[in-house]
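A look at the structure
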Amino acid sequence: AVADGYKRSMSPVLDAHVTTLLTAIILAYFGLGPVLGFATTQIIGILLSLFCGILVSRLITDIYTSKNRHFQYFTAVSRGVFKNANFKFIEFRKYAYVLSLVVLIGGIASFFNGFDEGVEFAGGRSFTVKFDKTVNIEEVRNDLKLVFGEAPIIKTVDTKNQINITTSYKIKDQGNNVDQEVEALLFKGLAKQLPAGTTYKEFDEQYKQQQQKVLPSISDDLKAGATKATVIAMIVICLFIFVRFRDWRYSLGTIFALLHDVFVTLIIFSFARTIVPFPLEIDQHFIAAVLTVIGFSMNDTIIVYDRIREDSRLHPNLDNATVINKAINETLSRTIMTSLTVFLTILILFIFGGEVTKGFAFAMLVGVITGTYSSIFVAAPILVDFSKNKKLSKAAKK
């Protein structure tokens, strides 16, 4: 049972990890600064996950079962969950299509409604300030948010008492006094962290170590690179799906599912940006979240697709709708458990993480939900309407 289980799961596990790895590599190639670091960490994590999933867990399983022991894969609670599940997902696909059409219209409308762009895309000013003591980053961010009207990007540099502050406040305004006005507000926002009686001149000469200005024209290059990374990632994944499944219908389902996930995230970031109490900005962290969501969504989709292909071979006399519905129900437990564990992890990051990570974590939370939905109600059902009477896989040889 163990040998057969690992043998049959090898193909979907490899496919799922490769798609996520491809998005991470593309993100690393086009990403800059913290996004490059995020992509590098993700690549290492994917490789380690693959190593542990295939080799380490198999080793532990073999050691345990060689002593005539058996794993208890279920608890009293989980034993009946999704057991013999037979939900009629395919019968409700037309309702899902209507919802997806609404998402498509909303995604297009989001471009007209606009977004809040981060410093990388909108341009901004960057200041490196060194204090006499260690400062509380969240306290500094809140103080500067009061004077600038927006939360700046803050990170420590080299030592805990030296920070880098980046803000897009009035970056598009022209005039000789704009720079001085921004620096004056910076000094006002940092007054609590400076010794009592510190003058602006002393702050400028002793505490302010460096300053830079990122013009909107420079940010256009970053925006173009981010867009290119997203588009290329989607194209590469679709090509990989076509090569692995040798059927254009699987790639078509993949395209619809990915567009659905991206559009939902764009809708949230466009129309909810004035409602939620934390910033929803389009920046490189957002691009990292979108590409990660694409990889996660494809992970689920490939698991379902692989089971569809397998069931189509094992049951050549069943119609495509029955095969697809059977495959979705058979993988439902795995889909829900995977999505739930990822969701809970990101939720903890969202609740207890700093303000800088809230936008990224929120995009990931939305993406996990939409990715799970799209793999069940978008990617798989599309195969029914485009397959007609043609089988989704060749029958298995006897």
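Worth saying up front: this structure is predicted, and the values here are computed from it rather than measured. (Residues numbered from 1 in each chain as written. Predicted model: local features only at pLDDT ≥ 70, side-chain atom pairs only at ≥ 80, totals over all residues. Heavy atoms only, no water.)

The next thing to look at is the overall build of the protein chain. The number of helices and strands found in the protein chain is 12 helices and six strands. Residues classed as buried in the protein chain amount to 45% of the 398 residues present. Counting contacts in the protein chain only where the partners sit at least 6 residues apart, residues at least 24 apart contribute 78% of the total. (Helix = DSSP H or I, 4+ residues; strand = E, 2+ residues; numbered from the N terminus. Buried < 20%, exposed > 50% of the residue type's maximum accessible area, 1.4 Å probe, protein only. Contact = heavy atoms within 4.5 Å.)

The next subject is the side chain of Asp300. One can find Asp300 in helix H10 (residues 284-314). Owing to a relative accessible area of 0%, Asp300 belongs among the buried residues under this scheme. A distance of 2.6 Å separates the side chain of Asp300 from the side chain of Arg334, its partner in a polar contact. Apart from residues lying up to four places away in sequence, Asp300 is in contact with Arg334, Thr335, Ser339, Thr372 and Ser375. (Polar contact = N/O pair within 3.5 Å; in protein donor to acceptor, adjacent residues only side chain to side chain.)

Two elements in contact, helix H6 (residues 178-189) and helix H7 (residues 200-207), have axes separated by 11 Å at closest approach and are oriented at 90 degrees. In terms of their interaxial angle, H6 and H7 are classed as roughly perpendicular. For the pair formed by H6 and H7, the contact residues are Glu183, Ala184, Leu186 and Phe187 on the first element and Tyr200, Phe203 and Asp204 on the second. Along the lines of polarity and charge, the residues of the contact of H6 with H7 split into five nonpolar, no polar and two charged. (Axes fitted to C-alpha atoms, helices over the stretch in contact; angles between N-to-C directions. Parallel < 35°, antiparallel > 145°, perpendicular 65-115°, else oblique. Nonpolar A, V, L, I, M, F, W, Y, C, P; charged D, E, K, R; others polar.)

Take the pairing of strand E2 (residues 124-130) next. Of all seven residues in E2, six are buried; the element is thus mostly enclosed. In the sheet, E2 pairs with strand E5 (residues 208-214) via six bridges, with the strands oriented antiparallel. Paired with Gly124 across the strands is Val214, a residue of E5. Inspection of the sheet shows E2 paired to strand E4 (residues 159-167) by six bridges, in the antiparallel sense. Of the residues in E4, the one forming a bridge with Lys130 is Gln162. (Pairing = 2+ DSSP bridges.)

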